[in-house]
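# Structural characterization, general
These are the residues of each chain, in order.
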Amino acid sequence: MSAAYINYGDLPIATEKFHCGEPSLDEFIKEHAQTFIRKGLSAVTLLIEVETRELIGFYAISPFAIDGRALRSEQSKYYDVTFPIPAWKIGLLAVDKKHQRNSNRAEPKRYGSMLLQEAIQEIRKRADKGAGALILVDAIDKKVKKFYKKFGFSSIPNTSNQMVRALAEQVD
């Protein structure tokens, strides 16, 4: 099986069968992604199976700003500023249930990791042309929080699910 990244809308991809296990993410890709792109709210990238054009997963990114005062000292040590810090947000990231690592597939891929690494690389490209020092994510539960921690994200104090990391950090 060969997989490829494409921008949402570049090819006709059926999204109606996508099911990741989180209803809000399923709803976004099926019903709202086009509107978010059209209104300039997010860029959405799809990971598809090349031959069948099956949707494996997706991520959505957008420019953002973080109040440096909300960060821990180790998170904001390079940004001694009183104005919002330019950032990027990976607002959504999802993998279809049948492609998730805990499925019964013989040799499971690490599509979530692949999508996150691709999102970070895409953010780096965009930040090189503009600004953005940090990456923000929303971890919807403990399992997702553990996943993001493996990639250098740490919790933002006084938030239930927001995590941040420096854009300059390398992705493993």
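Data block above holds the structure.
This text gives an overview of the structure that appears in the document. (Residues numbered from 1 in each chain as written. Predicted model: local features only at pLDDT ≥ 70, side-chain atom pairs only at ≥ 80, totals over all residues. Heavy atoms only, no water.)

Before going further, it helps to examine the pairing of strand S4 (residues 85-95). Burial runs high along S4: eight of the eleven residues are buried. As paired strands, strand S3 (residues 54-66) and S4 are joined by ten bridges and run antiparallel to one another. Residue pairing across strands places Ala65 opposite Pro86, the latter belonging to S4. Pairing of S4 with strand S5 (residues 134-138) involves four bridges; the strand directions are parallel. Bridging across to S5, Ile90 finds its partner in Val137. (Buried < 20%, exposed > 50% of the residue type's maximum accessible area, 1.4 Å probe, protein only. Helix = DSSP H or I, 4+ residues; strand = E, 2+ residues; numbered from the N terminus. Pairing = 2+ DSSP bridges.)

The strand order S1-S2-S3-S4-S5-S7-S6 describes an open sheet built from seven strands, whose pairing is mixed. Every interior strand has two partners, whereas the edge strands, strand S1 (3-7) and strand S6 (154-155), have only one. Strand contacts of helix H2 (residues 111-128): S1, strand S2 (43-49), S3, S4, S5 and strand S7 (162-166), with the helix running at about 150° to S4, the strand carrying the most contacts. Each of S4, S5, S6 and S7 is contacted by helix H3 (residues 142-149), which is oriented at about 5° to S7, the strand it contacts most. (Contact = heavy atoms within 4.5 Å. Axes fitted to C-alpha atoms, helices over the stretch in contact; angles between N-to-C directions.)

Moving on, we come to the pairing of S5. Within S5, four of the five residues are buried, which leaves the element mostly enclosed by the surrounding structure. With five bridges connecting them, S5 and S7 associate as antiparallel partners. Residue pairing across strands places Ile135 opposite Arg165, the latter belonging to S7.

Our next topic: the nonpolar core. One finds Ile90, Leu116, Tyr148 and Phe153 to be the most contacted residues of the largest nonpolar core, which totals 25 residues. The set of elements that each furnish at least two residues to this core consists of S2, S3, S4, H2, S5 and H3. Counting residues per element, this core draws most heavily on H2, at seven residues. If sequence neighbours within four positions are ignored, Phe153 has contacts with Leu116, Ile135, Val137, Tyr148, Met163, Val164 and Arg165. If you look at the next biggest cluster of nonpolar residues, it comprises 16 residues, including Ile6, Cys20, Val44 and Ala60. (Core = buried A, V, L, I, M, F, W, Y, C linked by side-chain atoms within 4.5 Å.)

Looking now at the pattern of salt bridges. Tallied over the entire structure, the rule returns four salt bridges. Between Lys125 and Glu122 there is a salt bridge, with the nearest N and O atoms lying 3.9 Å from each other. Of this pair, Lys125 and Glu122 both sit in helix H2, three residues apart, which is roughly one turn of the helix. Glu122 serves as the salt-bridge partner of Arg126, at 2.8 Å between the closest nitrogen and oxygen. (Salt bridge = Lys/Arg side-chain N within 4 Å of Asp/Glu carboxyl O.)

Function-wise, these values are silent; they only describe arrangement.
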